[in-house]
Amino acid sequence: MTKEKLKIDYKIFMEAEDVAQSRIISTESYVKKSLAAHKNPYINRAKVENESDLDDFILRLYVEEKIEEEECENADAAEGFLDELAELLAEFAHVQSYLEMEGSFSISFEGEQIAYRFLSEAGDCNCVFEEIK
């Protein structure tokens, strides 16, 4: 444990329209399992809010996490957070390419503050990241 203060904030929004009910259910399951199984404790604590509408065939998943520790409990996980979350989002974009994804993530640790925005459009298996200055 380090005596450095840690602040992590991330928001992930996923949406798709005209999606089969079975795909909505399987996508929610995949996203929840991927997050929960992640080795980084700052990622695997994420809770997925399901705002999907099965009757209208609309998939909407939302994650919003704010983590603040006066003394960082896991410096290695904090240092790897940005890269590991970006890799996971890129994987989501590739595997679930029918989704529109957007959001942001940031970390404040060891005197540095770094933030990114991301976007992945439906039909595109890439996720574009832009640093927020």
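Residues numbered from 1 in each chain as written. Predicted model: local features only at pLDDT ≥ 70, side-chain atom pairs only at ≥ 80, totals over all residues. Heavy atoms only, no water.

Undergrad: Help me out: how do you make sense of the overall build of the protein in this one?
TA: A tally of regular secondary structure across the protein gives 2 helices and 6 strands. Element order for the protein, N to C, with α for helix and β for strand: β-α-β-β-α-β-β-β. Relative to the globule expectation of 14 Å for 133 residues, the C-alpha radius of gyration of the protein, 15 Å, shows essentially globular dimensions. For the C-alpha atoms alone, the extent of the protein along its principal axes is close to 50 × 25 × 20 Å. Residues classed as buried in the protein amount to 38% of the 133 residues present. Across the protein, contacts joining residues at least 24 apart in sequence account for 70% of those joining residues at least 6 apart. Here the protein has roughly 7700 Å² of accessible surface; of this, 43% comes from carbon and sulfur atoms. The averaged location of the 32 negative side-chain charges in the protein is 4 Å from the averaged location of its 14 positive side-chain charges. (Helix = DSSP H or I, 4+ residues; strand = E, 2+ residues; numbered from the N terminus. Rg over C-alpha atoms; globule rule 2.2 N^0.38 Å. Buried < 20%, exposed > 50% of the residue type's maximum accessible area, 1.4 Å probe, protein only. Contact = heavy atoms within 4.5 Å. Areas by Shrake-Rupley, 256 points an atom, 1.4 Å probe, with all protein chains shown as cover. Lys, Arg positive; Asp, Glu negative; His and termini not counted. Charge placed at Lys NZ, Arg CZ, Asp CG, Glu CD.)

Undergrad: For this particular structure, what's the right way to read the environment of Cys-127?
TA: By the secondary structure assignment, Cys-127 is in the loop between β5 (112–120) and β6 (128–131). Here Cys-127 is in contact with Leu-89, Ala-90, Ala-93, Met-101, Phe-118, Leu-119 and Ser-120, once residues within four sequence places are set aside.

Undergrad: Please clarify how the pattern of salt bridges should be interpreted in this entry.
TA: For side chains bearing opposite charge, pairing can occur when the charged atoms are close. One pass over the structure, following the stated rule, counts 7 salt bridges. Among the salt bridges present, the one from Lys-32 reaches Glu-28, with a minimum N-O distance of 2.9 Å. One end of the pair is Lys-32 and the other is Glu-28, both in helix α1 (residues 21–36) and 4 residues apart, which spans about a single turn. (Salt bridge = Lys/Arg side-chain N within 4 Å of Asp/Glu carboxyl O.)

Undergrad: Looking at this structure, how should I read a negative patch on the surface?
TA: A surface patch of negative charge is lined by Glu-4, Asp-76, Glu-79, Glu-110 and Glu-112. You can see Asp-76 is positioned in helix α2 (residues 75–95). (Patch = residues over 30% accessible without salt bridge, like charges linked within 9 Å, V, L, I, M, F, W, Y side chains within 5 Å.)

Undergrad: Where do I start with the pairing of strand β4 (residues 100–109) in this structure?
TA: Within a regular strand, the side chains alternate between the two sheet faces. The pairing of strand β1 (residues 6–17) with β4 spans 10 bridges and is antiparallel. When the bridges of β4 are listed, Ile-12 appears paired with Gly-103. Of the strand pairs in this sheet, β4 and β5 are connected by 9 bridges, and their pairing is antiparallel. For Ser-106, the partnering residue across the bridge sits in β5 and is Ala-115. (Pairing = 2+ DSSP bridges.)

Undergrad: I tried to follow the side chain of Ser-106 on my own but got confused; where do I start?
TA: Position of Ser-106 among the secondary structure elements: in strand β4. Those residues in contact with Ser-106 that sit more than four places away from it in its chain are Lys-7, Ile-8, Asp-9, Phe-81, Ile-114 and Ala-115.

Undergrad: Explanation requested: the side chain of His-38 in the structure shown.
TA: Along the chain, the position of His-38 falls in the loop between α1 and β2 (48–50). The contacts of His-38, once residues within four sequence positions are left out, are Ile-43, Asn-44, Glu-84 and Leu-88.

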